[in-house]
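Here is how the chains run, residue by residue.
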Amino acid sequence: MCTTVVVGKKATMNGATLIARNCDAEIVIEPVKFIVVPENDVTEGVYKSYLTHFKENYPKKSLRYQMVPYIQYKKYGIFGESGINSKNVAMSATESIFSNTKVLAIDPLTDGLGEDSLVSVVLPYISSAREGVTYLGKLIEEYGSHEGNGVIFSDKDEIWYMEIPCGHHWIAQRVPDDCCAVIANQSIIEEVDFNDPENFMYSEGLREFVETYHLNPDYEGFNFRHIFGTSSKEDREYNTPRVWYGQNYLGHKVEDPRSSDMLFVFKPNRKLSYEDVGAVLSSHYDETIYDPFNASDDASRKLFRPISMNRTSQSHILEIRNDVPEEIAAITWINSGPTAFNPYVPFYANSNDTAPSYNNTSMTYDITQAYWMHRTLAVLVERDYDVLKTVNFDYLSAARQLANHMVLETDRAYKAMQSGDVTDFLTKQNKQNIEEMNHLTMTHIGELVKKGLGLSKLTFDITKDV
């Protein structure tokens, strides 16, 4: 149950495309690792899902790509979730969505291609965001979909949001360059223009399917959300408030957090950066009555599901820049979660590895590993949030400054290179950058421990406590 934010290149400060998502697991502890899968010229054999009956012969050639899989993949499936390939194409899979019962009665979900496999069977084989839609669309039409999914693709020029609400039908819309979107577990694409192939793609027979089974509730138009989506009281407690908060934060004023008619795409009131996207994905309705940490209004703070969750397995912002050479254009910003208390850390995608603390996650607790390190930090902050929030704010500010400095210095070092392999350079740079960030994080954890001990109830001062 995730939250997605996307921003077109003309709506960002540096002209980059941004696609981002919180990956919220079904349980609080679901360890993941962040890895790079090498390219392969002669892939042989058959890909088989651990979760469904989906299987397919591997194509002959695959690109290098990143992914963030579950470490218990043989039990739960791979769930690669997100990554950028060596062609600077980004993919985030998936935003869970749900179709209404009329649609599912006619075209039910299948035991075919599921979220657990999407990154593994699509991202290594596509050269553009648009190609990602057509490639996945063909697989869905052939094998069927195991669940309702929203999938995001991007490259340096385009962002495509694709919805797969039922067994075999799908829609995809290109996000306008000057717009952004916030999505939260609902079908959200609105009016479809079937005469505009530059901005819409869809499954074969989609219009005929809707007409044959009388699925369109509107007198005019083809509103995908109205036809395929849901609008329930559960949506208005669990989903729409997240869109409401995100749209307001990004500068599109919406009054009612329970509205079922919020726009899919909208123009922000300013140019945005990855920090703005991260702020939305890290939020818990900050500075509103719906904040779970709002002690003054117990009823309101429990009304809505927050964006930042204790069960966020990881959060990512995939940035494809246009103001630098292609070799260094793609950056994955990873937040190990929970996002409210932890920073986004940059990894250059043109690398052969991530960093040991990110790619060696274990099921057992190990504070040297990023997954466990950042969960330790979150537990310490949340326990005494009112007292420690300022300390954590200072850490997050320092981490953002350090992360921005890392990108600036890495870009400069690349431009100063006289020779050498760029991929090897960026691989080493990723590891060096993460060592610095981990040192800052462990220093913060130490500070939290010391301050937390001072807040213990098991204390006594004979001059004050008698």
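This structure is a prediction, so every number in the text was calculated from the model and none was measured.

So, how was this worked out
- Residues numbered from 1 in each chain as written.
- Predicted model: local features only at pLDDT ≥ 70, side-chain atom pairs only at ≥ 80, totals over all residues.
- Heavy atoms only, no water.
- Helix = DSSP H or I, 4+ residues; strand = E, 2+ residues; numbered from the N terminus.
- Buried < 20%, exposed > 50% of the residue type's maximum accessible area, 1.4 Å probe, protein only.
- Contact = heavy atoms within 4.5 Å.
- Pairing = 2+ DSSP bridges.
- Salt bridge = Lys/Arg side-chain N within 4 Å of Asp/Glu carboxyl O.
- Axes fitted to C-alpha atoms, helices over the stretch in contact; angles between N-to-C directions.
- Disulfide = S-S within 2.5 Å.
- Parallel < 35°, antiparallel > 145°, perpendicular 65-115°, else oblique.
- Left-handed = near helix turned anticlockwise from the far one by under 90°.
- Nonpolar A, V, L, I, M, F, W, Y, C, P; charged D, E, K, R; others polar.
- Expected span 1.5 Å × (residues − 1).
- Bend = angle between axes of the 7 residues up to and from the residue.
- Phe/Tyr/Trp six-rings, centres within 6.5 Å; stacked < 30°, edge-to-face > 60°.
- Lys NZ or Arg CZ within 6 Å of the ring centre and 35° of its normal.
- Polar contact = N/O pair within 3.5 Å; in protein donor to acceptor, adjacent residues only side chain to side chain.

Engineer: I'd like a description of the overall build of the protein, backed by residues and values.
Structural biologist: Within the protein, the secondary structure is distributed over 13 helices and 17 strands. Overall size of the protein, expressed as C-alpha extent along the three principal axes, is 80 × 60 × 45 Å. With 466 residues in all, the protein has 58% of them scored as buried. Taking contacts inside the protein between residues at least 6 apart in sequence as the whole, the part at least 24 apart equals 70%.

Engineer: Outline the pairing of strand 16 (residues 330–335), supporting the account with residue identities and numerical values.
Structural biologist: A large share of strand 16 lies buried, amounting to six of its six residues. The side-chain alternation of strand 16 yields two buried faces, one formed by Ala 330, Thr 332 and Ile 334 and the other by Ile 331, Trp 333 and Asn 335. Relative to strand 16, strand 15 (residues 312–320) runs antiparallel, the two being bridged by six bridges. Counterpart to Ile 320 in the pairing with strand 16 is Ala 330. The pairing of strand 16 with strand 17 (residues 345–348) spans four bridges and is antiparallel. Each bridged residue has a counterpart across the sheet, and for Ile 334 the counterpart in strand 17 is Val 345.

Engineer: Kindly report on the sheet that holds strand 16, identifying the contributing residues and their values.
Structural biologist: Strand order across the open sheet formed by seven strands is 14-12-1-2-15-16-17, with antiparallel pairing between neighbours. One side of each edge strand has no neighbouring strand; the edge strands of this open sheet are strand 14 (265–266) and strand 17. By the bridge criterion, five bridges tie strand 1 (residues 3–7) to strand 2 (residues 17–24) in an arrangement that is antiparallel. Across the sheet, Thr 4 pairs through a bridge with Arg 21, a residue of strand 2.

Engineer: Could you give me a rundown of the pattern of salt bridges, with the residues and numbers involved?
Structural biologist: Considering all chains together, one arrives at 18 salt bridges under this definition. Residue Asp 157 pairs with Lys 156 through a salt bridge whose shortest N-O separation is 3.3 Å. Here Asp 157 falls in the partly exposed class, since its relative accessible area comes to 31%. One salt bridge connects Lys 253 with Glu 255, and the closest N-O pair in it is separated by 3.7 Å. Across this residue pair, the class does not change: Lys 253 and Glu 255 are exposed. Here the residues in one salt-bridge network are Arg 130, Glu 158, Arg 174, Asp 177 and Glu 198, joined through shared partners.

Engineer: Can you tell me about the side chain of Ser 145, naming the residues and giving the values?
Structural biologist: Mapped onto the fold, Ser 145 is located in the loop between helix 4 (129–143) and strand 9 (149–154). Discounting residues that sit within four places of it in the chain, Ser 145 has contacts with Leu 109, Thr 110, Leu 113, Ile 140, Ile 164, Cys 166 and Gly 167.

Engineer: Requested: an account of the sheet that holds strand 8 (residues 90–96), with residues and values cited.
Structural biologist: On the basis of which strands lie adjacent, the open sheet formed by six strands has the order 7-8-9-10-11-13 and antiparallel pairing. Where the open sheet ends on each side, the last strands, each with one partner, are strand 7 (82–84) and strand 13 (200–202). Neighbouring strand axes in the sheet, compared pairwise and without regard to direction, differ in orientation by 15° on average. Examined bridge by bridge, strand 7 and strand 8 share three bridges and lie antiparallel to one another. Looking at the pairing, Ile 84 lines up with Ala 90 of strand 8. Its contacts with the sheet put helix 4 on strand 9, strand 10 (159–164), strand 11 (171–174) and strand 13, and the angle it makes with strand 10 is roughly 15°.

Engineer: I'd like a rundown of the state of the cysteines, residues and numbers included.
Structural biologist: On inspection of all chains with the given rule, the structure shows zero disulfides. Take Cys 180: it sits in no disulfide, and the sulfur closest to it among the cysteines is that of Cys 179, at 7.0 Å.

Engineer: Can you explain the packing of helix 11 (residues 370–383) against helix 13 (residues 422–453)? Please cite residues and give values.
Structural biologist: Relative orientation of the contacting elements helix 11 and helix 13 amounts to 30°, with a least axis distance of 10 Å. As judged from the angle between their axes, helix 11 and helix 13 are roughly parallel. Crossing of helix 11 over helix 13 shows left-handed handedness. Across the interface between the two elements, Met 373, His 374, Thr 376, Leu 377, Leu 380, Val 381 and Arg 383 from helix 11 touch Asn 438, Thr 441, Met 442, His 444, Ile 445, Leu 448, Val 449 and Gly 452 from helix 13. By residue class, the composition of the contact of helix 11 with helix 13 is eight nonpolar, six polar and one charged.

Engineer: If you had to explain helix 12 (residues 385–415) to someone new, which residues and values would you point to?
Structural biologist: Helical periodicity: at 3.6 residues per turn, an α-helix aligns residues three or four positions apart in one direction. Over its 31 residues, helix 12 extends 43 Å from the first C-alpha to the last, a length consistent with the 45 Å expected when each residue adds 1.5 Å. Remark: the principal bend of helix 12, roughly 25°, maps to Val 391.

Engineer: Talk me through the packing of aromatic side chains; I want residue IDs and the actual numbers.
Structural biologist: Per the counting criterion, the structure on display carries 29 aromatic pairs. Consider the rings of Phe 194 and Tyr 202, whose centres lie 4.8 Å apart with planes at 80°: the pair is edge-to-face. Ring pairing ties together the aromatic residues Trp 244, Tyr 245, Tyr 249, Tyr 285, Tyr 290 and Phe 304, which thus form one cluster. Sitting above the plane of the Phe 194 ring, Arg 207 keeps its charged end 4.3 Å from the centroid. Over the ring of Tyr 371 we find Arg 375; its NZ or CZ atom is 3.8 Å from the centre of that ring.

Engineer: Could you give an account of the environment of Trp 244, with specific residues and numbers?
Structural biologist: With respect to the element layout, Trp 244 can be found in helix 8 (residues 240–249). Trp 244 sits in the buried class, given a relative accessible area of 11%. Counting along the chain gives twelve residues from Trp 244 to Asp 256, while the straight-line C-alpha distance between them is 7.3 Å. The contacts of Trp 244, once residues within four sequence positions are left out, are Val 254, Glu 255, Asp 256, Pro 257, Met 262, Tyr 285, Thr 288 and Tyr 290. There is a polar contact of 3.0 Å between the side chain of Trp 244 and the backbone oxygen of Val 254.

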